[in-house]
2 protein chains.
Amino acid sequence: QGTRDHAPAQAALRERLLSAVVSCFKRHGAAAIDTPVLELREVLVGKYGEGSKLIYELQDQGGELLALRYDLTVPFARYLAMNKITNMKRYHVAKVYRRDNPATTRGRYREFYQCDFDIAGQFDPMIPDAECLKIVHEILSDLQLGDFVIKVNDRRILNGVLAVCGVPENNFIPACSTVDKLDKMPWEEVRREMVRERGLSPEAADRIGEYVQLHGGLDLIEQLLQDPKLSQNKLAKEGLGDMKLLFEYLTLFGITGKISFDLSLARGLDYYTGVIFEAVLLQQDNEHGEEPASVGSVAGGGRYDGLVGMFDPKGRKVPCVGVSIGIERIFSILEQRLEASGEKLRTTETQVLVATPQKHLLAARLKLISELWAAGIKAEMLYKKDPKLLKQLQYCEDTGIPLAAIVGEQELADGVVKLRDVATRQEVRM
Amino acid sequence: QGTRDHAPAQAALRERLLSAVVSCFKRHGAAAIDTPVLELREVLVGKYGEGSKLIYELQDQGGELLALRYDLTVPFARYLAMNKITNMKRYHVAKVYRRDNPATTRGRYREFYQCDFDIAGQFDPMIPDAECLKIVHEILSDLQLGDFVIKVNDRRILNGVLAVCGVPENNFIPACSTVDKLDKMPWEEVRREMVRERGLSPEAADRIGEYVQLHGGLDLIEQLLQDPKLSQNKLAKEGLGDMKLLFEYLTLFGITGKISFDLSLARGLDYYTGVIFEAVLLQQDNEHGEEPASVGSVAGGGRYDGLVGMFDPKGRKVPCVGVSIGIERIFSILEQRLEASGEKLRTTETQVLVATPQKHLLAARLKLISELWAAGIKAEMLYKKDPKLLKQLQYCEDTGIPLAAIVGEQELADGVVKLRDVATRQEVRM
């Protein structure tokens, strides 16, 4: 349940998609690492908030207690701490596992790929953070998924807002996860949940509502820096100062047109400590001039300065910021688009089929194909002793092989091969 | 235990190795598929003989009873049966899991990659089987691992030998797995195990010994086809006939020099039904003219005509033959060789570092790097506001970046960039 086989057409589409993502990561100078699918259970415990109950555990068959990784970020942090690495730019493309309710048409699976890019190290503020946003912008633009917006916020700003609205600190995390629902439900419902389920006072909820419904750009940052309450809060002020710097860098990158500073963005994971962001695709066909509706998150990430320290015996921190591309949802979109277009993706790269027009020529085919392979040419033949020529040409058409190299008795006698262009039926002897 | 992280240098080496293997599979016209790491436990049960006790099971957290895949062959057979596919040439490169005793210096892990190529379908005998052996030959030659031999046998020949030596049929599998140890221990010990542990009579064991110590080529096949006892056994005769045909095709491929028909080869897995093979590397430095010693198996495979039928509700069979490349052992060898050579593998592909020689030029760097990325150039910069030029050039040397694009105040004023070759220190303004 919640997993799937990839048939060749799907595997080919996925390879194309992953290679677009990986080439962006490489363009930004990241190195690849790989970590096991299995982690010690204790490594994963307490890192994912409500997500922790979705972790797959392995049966105790003796030895260590293991679980399947839930994301690639926690294993990365564990890797950095274990190897005492304080400086690294890496990408990792691999499967992760969550015992979630699958919604496969929307691209939600229990086994799914993540494509992560992270920068670890002590640097000047917001430079690596800006690069992560640039990467999201490049990938979503390259893949031509249609219009998108990248929402940005900062956990420090959010916590500052909650503090100045009178929420006690031990209620920050549940309050955050309620705020996070503003992209899926109207403010009235979010407010109701805050008051009824999270135990906030109606007045606090109203005050929060005034902030978290705001979104904008540099203007909004300036406005909040002047806000009489928020500017008094140390955390919020730090976050806003950094947000201003981030927007400066994003302006130099030329991408602020797709960036929205959005105070409702909270993100579910416990480990974020600073900037957080999430990219959403906007509805395409919208003839009525309404505000474009979101069709779901396709990338997300943020800063997590405390996670590596949780794995270091002395608690030494390594600041990190990273992004994860939501490859499954993008894959679903591309798959549906491909289906709608009727285009057939080739599943092999074979350049030439070695064929014979008469019987008793298997030996000639085996010798010729052997020469082609030795020359690095992608070649196939039918696994029949005496296949009909029509069948062989049909196979080319079915699988998209552009050329047939034909050896018959005459060609053998003349020491030549007849090369046939399958589509045009043109032949040359060579 | 028995798993490992891949640091960037290892991940880069692995990428190089896997891409050599995959390009061979693509040269032979295979399509990629992907299946989940998780399989239903019932899918894996009873397919691996003694290996079954090494299967990792997932904890029962409600829902289906799951296990981690043990190889890629059984999931492939399950995939074919589930989708009623009767004809397919596919490759699959992915991790598999075995609760084995790890021997990590020899490349034996609990989580490890397999690289499989398989041909499913009803074809004329031995043509796909010969291609599998050709693939092993190409890959081991391409990787320049040194001398190797590919041992070939047939389960039907082996069973025929056991039958004519008087072994009862229900004792074939244990007798086979004892025979299989002939590459690791002398015949005397194998004989002792047969008699003491497998309950064979000393006479039967002696008769078996006369056969299973034989190895050779076409001559040996001809000799056994004339063998008064073996030629009376239907299975053995079929197997020997096919072996002769196989050698004919391998001769046309020009690879018989590395092929040894070896009657001691048995292979452990239950599902093989016909041709089986295993490639072993031969000891390199052998100054004393001794027979080259094997340093372990690096590829193996065979024909399994019954496996798909085990997953089909009506038991419909799909004949299959395939090969698995033992990538971990090869990886160990390449890793040790790289270490010995002192060569440093680059872990990134960055072409140019964007650098500044004075302070307050971060904006210039951000704008220039943005242009380079847009042009598809792999570019990095240090995440510091005002890094020293020396530090920037040092970073190029440490990570192998060949070029630095330098913008200083003068270059900004002149509207140029200074491009520096890091190794030669030559500079051009452009």
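Think of each chain on its own: its residues are numbered from 1, step by step along the sequence as written. Going through the entries in the order they are written, you letter the chains from A and number the ligands from 1. Where local features are concerned, this predicted model is filtered to residues with pLDDT of at least 70; where side-chain atom pairs are given and counted, the filter is 80 or more; whole-chain, interface and lining totals use all residues. Derived side-chain values reflect all non-hydrogen atoms in the structure, with water molecules and hydrogen atoms excluded from consideration.

> Run through the overall build of chain A, naming residues and quoting values.
Each helix and strand counted, chain A has 14 helices and 16 strands in total. Based on C-alpha atoms, the radius of gyration is set beside the globule rule, defined as 2.2 Å times the residue count to the power 0.38. Expected size for 430 residues packed as a compact globule is a radius of gyration near 22 Å; at 28 Å, chain A overshoots this value by more than 25%. With the principal axes as the frame, chain A shows a C-alpha extent of 95 × 60 × 40 Å. Within chain A, the fraction of its 430 residues that count as buried is 56%. Taking all contacts inside chain A whose residues are at least 6 apart in sequence as the whole, residues at least 24 apart take part in 67%. Carbon and sulfur atoms make up 50% of the accessible area of chain A, which amounts to about 18,700 Å² in all. When charges are tallied, Lys and Arg are placed among the positive residues and Asp and Glu among the negative ones, while His and the ends of the chain are skipped. A single reference atom marks each charge: NZ on Lys, CZ on Arg, CG on Asp, CD on Glu. Side-chain charges in chain A split into 56 positive and 61 negative, and the spacing between the mean points of these groups amounts to 5 Å. Each helix is a run of H or I in the DSSP string that is no shorter than four residues. Each strand is a run of E no shorter than two, and both are numbered from the N terminus. Burial classification: accessible surface area is computed with a 1.4 Å probe over protein chains only, and a residue below 20% of its type maximum counts as buried, one above 50% as exposed, and the rest as partly exposed. Residue contacts are defined here by distance: any two heavy atoms, one from each residue, within 4.5 Å place the two residues in contact. Exposure was quantified through the Shrake-Rupley algorithm and a 1.4 Å probe, taking into account, for residues, occlusion by the shown protein chains and nothing else.

> Tell me about the pattern of salt bridges, residues and numbers included.
We define a salt bridge as a contact between a side-chain nitrogen of Lys or Arg and a carboxyl oxygen of Asp or Glu at a distance within 4 Å. Counted under the stated rule, the structure contains 68 salt bridges over all chains. The closest approach of N and O atoms between R316(A) and D312(A), which form a salt bridge, is 3.3 Å. Given the relative accessible area of 42%, R316(A) is considered partly exposed. Put simply, K258(B) and D147(B) hold a salt bridge, and the shortest N to O gap is 2.6 Å.

> Tell me what's going on with unusual backbone geometry, and back it up with residues and numbers.
All names here are of chain B. A positive phi angle is found at Q144, which is not glycine, with a value near 50°. Positionally, Q144 belongs in the loop between α4 (127-142) and β6 (148-154). According to the relative accessible area criterion, Q144 is exposed, its value standing at 61%. The phi dihedral of H360 is positive, around 60°, even though this residue is not glycine. Tracing the sequence through the fold places H360 in the loop between β12 (352-355) and α12 (362-374).

> Tell me about the interface of chain A and chain B, and name the residues and values.
Where interface size is given, it is often the accessible area lost as the parts come together that is meant. If you look at the interface, chain A gives 79 residues, while chain B gives 79 residues. Between chain A and chain B, the buried area comes to about 6,600 Å², and carbon and sulfur atoms account for 56% of it. Summed over both partners, the accessible area (1.4 Å probe) lost when two parts come together is defined as the buried area. Taken as a group, D5(A), W373(A) and Y383(A) account for 13% of the area that chain A buries against chain B, more than any other trio of residues on that side. A salt bridge links K26(A) to E349(B); the shortest N-O distance between them is 3.0 Å. Counted as a polar contact is a pair of N or O atoms within 3.5 Å, where, for protein atoms, one must be capable of donating a hydrogen and the other of accepting one, and residues adjacent in sequence contribute only when both atoms are in side chains. For the interface between chain A and chain B, the tally reads 40 residue pairs in polar contact (both at pLDDT 80 or more). No other element matches the 7 residues that helix α12 (residues 362-374) of chain A contributes to the side of chain A that touches chain B. Under the scheme applied, nonpolar residues are Ala, Val, Leu, Ile, Met, Phe, Trp, Tyr, Cys and Pro; charged residues are Asp, Glu, Lys and Arg; polar residues are all the others, including Gly. Of the residues in the side of chain A that touches chain B, the class split is 37 nonpolar, 16 polar and 26 charged.

> Hey, could you go over a positive patch on the surface for me, with residue numbers and the actual values?
Residue and element names in this part refer to chain A. Residues K359, K384, K388 and K391 make up a contiguous surface patch of positive charge. If you trace the backbone, K391 turns up in helix α13 (residues 389-399). For K391, a relative accessible area of 61% corresponds to the exposed category. Patches here are clusters of residues that have more than 30% relative accessible area and form no salt bridge, with a 9 Å joining cutoff for like charges and a 5 Å cutoff for nonpolar side chains (Val, Leu, Ile, Met, Phe, Trp, Tyr).

> I'd like a rundown of the UniProt feature "binding site: L-histidine" (unreviewed entry) in chain A, residues and numbers included.
Residues and elements named next belong to chain A. UniProt positions are given in the numbering used here, feature names are shortened, and annotations may be inferred rather than shown by experiment. Here the UniProt feature "binding site: L-histidine" (unreviewed entry) sits at D71, L72, T73, R98, Q114, D118, R267, Y271 and Y272. The topology assignment puts D71 in the loop between β3 (66-68) and α3 (73-82). Accessibility expressed as a relative area gives 2% for D71, which makes it buried. Excluding anything up to four places from it in sequence, D71 contacts Y48, V96, R98, Q114 and Y271. In this structure the side chain of D71 is engaged in a polar contact, spanning 2.6 Å, whose partner is the side chain of Y48. By the secondary structure assignment, T73 is in helix α3.

> Outline helix α11 (residues 327-341) of chain A, listing residues and values.
All names here are of chain A. With 15 residues, α11 extends 21 Å between its outermost C-alpha atoms, agreeing within 8% with the 21 Å of an ideal straight helix rising 1.5 Å per residue. Within the sequence span of α11, burial applies to I327, E328, I330, F331, S332, L334 and L338. Backbone geometry just after α11 places G342 at a positive phi near 75°. What a helix should span is 1.5 Å times the count of its residues minus one.

> Explain the confidence of the model for chain A residue by residue, including any values.
In predicted models, pLDDT denotes the confidence assigned by the predictor to each residue on a 0 to 100 scale. Here chain A averages 93 in pLDDT, while 97% of its residues score no lower than 70. Interface confidence for the predicted complex, given as ipTM, is 0.92, next to a pTM of 0.93.

> Report on the relation of the copies chain A and chain B, specifying residues and quantitative values.
Of the transformation placing chain A onto chain B, the axial shift is 0.0 Å and the rotation is 180°, giving an RMSD of 0.1 Å. Such a combination of turn and shift is consistent with a two-fold rotation axis. Looking at chain A, 100% of its interface residues are interface residues in chain B too, so the copies touch through the same face. Copies overlap after least-squares fitting; the atoms used are the C-alpha atoms of residues with pLDDT of at least 70 in both.

> Run through the sheet that holds strand β16 (residues 427-429) of chain A, naming residues and quoting values.
All names here are of chain A. Being paired, for any two strands, means DSSP has found at least two bridges between them. Overall, mixed pairing links the 5 strands, which are arranged β13-β12-β14-β15-β16 in an open sheet. A single partner strand is all that each edge strand has here, and the edge strands are β13 (379-380) and β16. Only the stretch in contact is used when fitting a helix axis, every axis being a line fitted to C-alpha atoms; angles between N-to-C directions are given from 0 to 180 degrees. Along the sheet face, α12 touches β12 (352-355), β13 and β14 (403-406) and points at about 155° away from the line of β12.

> Give me the side chain of K134(A): which residues, what numbers.
Here K134(A) is to be found in helix α4 (residues 127-142). In contact with K134(A), other than residues within four places in its own chain, are H28(A), F253(A), I255(A), S370(B) and W373(B).

> Talk me through the sheet that holds strand β14 (residues 403-406) of chain B; I want residue IDs and the actual numbers.
Residues and elements named next belong to chain B. Read from one edge of the open sheet, 5 strands run β13-β12-β14-β15-β16, paired in mixed fashion. For this open sheet the edge positions go to β13 (379-380) and β16 (427-429), each flanked by a neighbour on one side alone. Along the sheet, helix α13 (residues 389-399) makes contact with β12, β13, β14 and β15 (418-421), crossing β12 at roughly 175°.

> Tell me what's going on with the domain arrangement of chain A, and back it up with residues and numbers.
Parsing chain A into structural domains produces domain 1 (8-341) and domain 2 (352-429). Source of the domain bounds: an automatic or database domain assignment. Measuring from the centre of the C-alpha atoms in domain 1 of chain A to the corresponding centre in domain 2 of chain A gives 53 Å.

> How would you summarise the state of the cysteines if you had to cite specific residues and measurements?
Residues and elements named next belong to chain A. In plain terms, two cysteine sulfur atoms within 2.5 Å form what is called a disulfide here. Tallied over the entire structure, the rule returns 0 disulfides over all chains. Distance from the sulfur of C320, which forms no disulfide, to the nearest cysteine sulfur (C132) is 10 Å. Owing to a relative accessible area of 0%, C320 belongs among the buried residues under this scheme.

> Could you give an account of helix α6 (residues 172-179) of chain A, naming the residues involved and the relevant values?
All of the buried residues in α6(A) are F172(A), A175(A), C176(A), T178(A) and V179(A). Viewed end-on, α6(A) has its buried residues packed into an arc of 160°, placing them on one side of the element. Directions are taken from the helix axis to each C-beta atom, and the arc is the one they span.

> An account of the packing of aromatic side chains is requested, with residue identities and associated values reported.
Residues and elements named next belong to chain A. Here a Phe, Tyr or Trp ring, Trp counted by its six-membered ring, pairs with any other such ring whose centre lies within 6.5 Å, and the pair is stacked when the planes are under 30 degrees apart, edge-to-face when over 60, and tilted otherwise. What the rule picks out here adds up to 16 aromatic pairs over all chains. Centre to centre, the rings of F25 and F117 are 5.7 Å apart; their planes meet at 35°, and the pair counts as tilted. Taken together, the residues F25 in helix α1 (residues 8-27) and F117 in strand β5 (residues 111-120) connect sequence positions 92 residues apart. Every member of this aromatic cluster is reached through a ring pair, and the members are Y48, Y70, Y271, Y272 and Y304. Look at NZ for Lys and CZ for Arg. If either is within 6 Å of the ring centre and within 35 degrees of the ring normal, a charge sits over the ring. Note that R98 overlies the ring of Y70, its terminal NZ or CZ placed 4.0 Å from the centroid.

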